[in-house]
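# Report on the structure
Residue strings, one per chain:
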Amino acid sequence: MTSYGTVGKGLWLIFIGQILGILSIFPVMVLISAVLLLVGLYIAGKGEVRLRPAFVCGIAELLVAVLSAWTPSLILTVAVTVLDVLIVYYICSVTSDLLDALGKRDMAKWGRVVWKIYLLGIVAMNMISLAVVTSRVVFWSMMELIVAINLGIRFVIGMILLLHLYHVYSTFEEQERSNGGAS
């Protein structure tokens, strides 16, 4: 049985972790962001069993990212990216199903679009980077433009995901309150 309140608490931690990830200037903020994401995924998985694969993907992503930092590899970088997208997919798909069950059809429909926008943004960023890496002539001004475009894409897809997480969290908390704490 789904506990909307527990899922909501997990989503709140994921939301805060995502904000810290966006604002991460210092390595310690990246670490705190990763911990909040994992704890949030774990808690959400306790509230809805179908979110547990997202937690497994989160653990795998962290391990592969650490390995990638020690032994840089295109394969490891791609693996981290795929795991990141899978986490967003699980969160958006499962919460959309839960929203459907609550009769929140528009929010559920949007959730199914969010992970696709996220995927398209990640693919676009990687294609732009690949085009630069494979070109024979790269000017520094071109590199700056590519970095700016990729940061812009990352910011937009991150904000879309953040807004969705917040709205789902709010809906689940409201559901929990209306049920008197028992979901």
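Just so it is clear, the structure is predicted and the values come from calculations on it, not from any experiment. (Residues numbered from 1 in each chain as written. Predicted model: local features only at pLDDT ≥ 70, side-chain atom pairs only at ≥ 80, totals over all residues. Heavy atoms only, no water.)

Each helix and strand counted, the chain has six helices and zero strands in total. Since a compact globule built from 183 residues should have a radius of gyration of about 16 Å, the 18 Å found for the chain is in line with a globular shape. Within the chain, contacts between residues separated by at least 24 positions form 69% of all contacts whose residues are at least 6 apart in sequence. Summed over all atoms, the accessible surface of the chain reaches about 10500 Å², with 73% contributed by carbon and sulfur. Distance from the positive charge centre (12 side chains) to the negative charge centre (10 side chains) of the chain: 3 Å. (Helix = DSSP H or I, 4+ residues; strand = E, 2+ residues; numbered from the N terminus. Rg over C-alpha atoms; globule rule 2.2 N^0.38 Å. Contact = heavy atoms within 4.5 Å. Areas by Shrake-Rupley, 256 points an atom, 1.4 Å probe, with all protein chains shown as cover. Lys, Arg positive; Asp, Glu negative; His and termini not counted. Charge placed at Lys NZ, Arg CZ, Asp CG, Glu CD.)

Moving on, we get to the side chain of His-164. Tracing the backbone through its elements, the reader meets His-164 in helix H6 (residues 140-178). What makes His-164 buried here is its relative accessible area of 3%. (Buried < 20%, exposed > 50% of the residue type's maximum accessible area, 1.4 Å probe, protein only.)

To continue, consider a nonpolar patch on the surface. Where nonpolar side chains cluster on the molecular surface, the patch consists of Ile-22, Leu-23, Phe-155, Val-156 and Met-159 and spans about 430 Å² of accessible area. By the secondary structure assignment, Val-156 is in helix H6. (Patch = residues over 30% accessible without salt bridge, like charges linked within 9 Å, V, L, I, M, F, W, Y side chains within 5 Å. Salt bridge = Lys/Arg side-chain N within 4 Å of Asp/Glu carboxyl O.)

Here we come to helix H1 (residues 4-22). Counted at 1.5 Å a residue, the expected span for H1 with its 19 residues is 27 Å, and the 26 Å between its end C-alpha atoms agrees. By the burial criterion, the buried members of H1 are Tyr-4, Gly-5, Val-7, Gly-8, Gly-10, Leu-11, Ile-14, Phe-15 and Gly-17. (Expected span 1.5 Å × (residues − 1).)

If you walk through the whole model with that rule in mind, you get zero disulfides. The thiol sulfur of Cys-57 is not disulfide-bonded, and the nearest other cysteine sulfur, from Cys-92, lies at 13 Å. Judged by relative accessible area, which is 0%, Cys-92 ranks as buried. (Disulfide = S-S within 2.5 Å.)

Remember, this is a structural readout, not a statement about activity or role.
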